[in-house]
Amino acid sequence: MYLLDRSTYRRIGDRTNRHHTNVLRKLHRDLEGSVFGHRGWSTGFIVLDGKPLSIRGEDACEHIILDADGALLARALKMGRESAEVYSYLIDQLKADGVHLNAATTDGLPGLEKMLDAQHLIHQRCHVHLLRDLRVGLQL
C-alpha cells in the first residue's frame, strides 16, 4: 500500500486524521532495523523494476526483483538512479541462496540487457513499456 506514490501517504493521513508526513515518519520508524528475507524459491521468471524516490532532496531508487507470481524476491534501496549493477548484485545473492532463475522481464533500462546476458538469463522487454515507448516515438 505504501509503495503506490506520495499521494498514498495523504490518503492514509486523511483516513486516520493524521498529517501525511507523520504517516511517513511512522512507516520509517516501523521499518527501522527490519530485515528482508525471500521465500527461498522462484518460478525462474523474474521482473526487475525500480521506484525512483527523493530522500532529503537527493535521488534514490528502490530496486526490486519480483517473481512472475508477484512475490518479492529481493530489494535494495540505493542513493542515485536505477542501476544495472544493483540488480546484478541482487541476482548474485539470489543465486548464492540457491534460487534458480531462467529469464527476466525489464522496462528497457540501458545496461540491463548486457547485465542479464552476463548472468546467463533470457531477457524479455516488458510489453507495456515497449508499447509506451513506441507511442512516444510515433508522436515525435
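Below you will find a few notes about this structure.

What counts and how
- Residues numbered from 1 in each chain as written.
- Predicted model: local features only at pLDDT ≥ 70, side-chain atom pairs only at ≥ 80, totals over all residues.
- Heavy atoms only, no water.
- Pairing = 2+ DSSP bridges.
- Helix = DSSP H or I, 4+ residues; strand = E, 2+ residues; numbered from the N terminus.
- Right-handed = clockwise from strand over helix to strand, strands pointing away.
- Salt bridge = Lys/Arg side-chain N within 4 Å of Asp/Glu carboxyl O.
- Buried < 20%, exposed > 50% of the residue type's maximum accessible area, 1.4 Å probe, protein only.
- Core = buried A, V, L, I, M, F, W, Y, C linked by side-chain atoms within 4.5 Å.
- Contact = heavy atoms within 4.5 Å.
- Expected span 1.5 Å × (residues − 1).

What to know about the pairing of strand β4 (residues 103-106)
At step 1: Sheet topology places strand β1 (residues 45-55) next to β4; 3 bridges connect them, and they run parallel. Within the sheet, the bridge partner assigned to I46 lies in β4 and is A104.
At step 2: Summarising the sheet, β4 and strand β5 (residues 122-125) pair through 4 bridges and their orientation is parallel. Following the sheet pairing, A103 is matched in β5 by I122.
At step 3: Following the chain from β4 across helix α4 (residues 112-118) to the adjacent parallel β5, one finds a crossover that is right-handed.

Considerations on the pattern of salt bridges
At step 1: Under the defined criterion, the tally for this structure stands at 1 salt bridge.
At step 2: The residue E62 makes a salt bridge to R75 at a minimum N-O spacing of 2.5 Å. Placement of the pair is E62 in strand β2 (residues 58-67) and R75 in strand β3 (residues 72-79), with a sequence separation of 13 residues.
At step 3: What makes E62 buried here is its relative accessible area of 13%.

Some remarks on the nonpolar core
At step 1: I46, L48, I65, I91 and M115 are the most contacted members of the largest nonpolar core, which has 20 residues in total.
At step 2: Ranked by residues supplied to this core, first place goes to helix α3 (residues 84-96) with 6 residues.
At step 3: Setting aside chain neighbours within four positions, we find I91 in contact with I46, I65, L101, M115, L116, Q119 and L121.

Observations regarding α3
At step 1: With 13 residues, α3 should cover 18 Å at 1.5 Å per step; its first-to-last C-alpha distance of 18 Å lies within 8% of that length.
At step 2: A84, V86, Y87, S88, L90, I91 and L94 are the residues of α3 that are buried.
At step 3: As for α3, its buried residues are in contact with β1, β2, β3 and α4.

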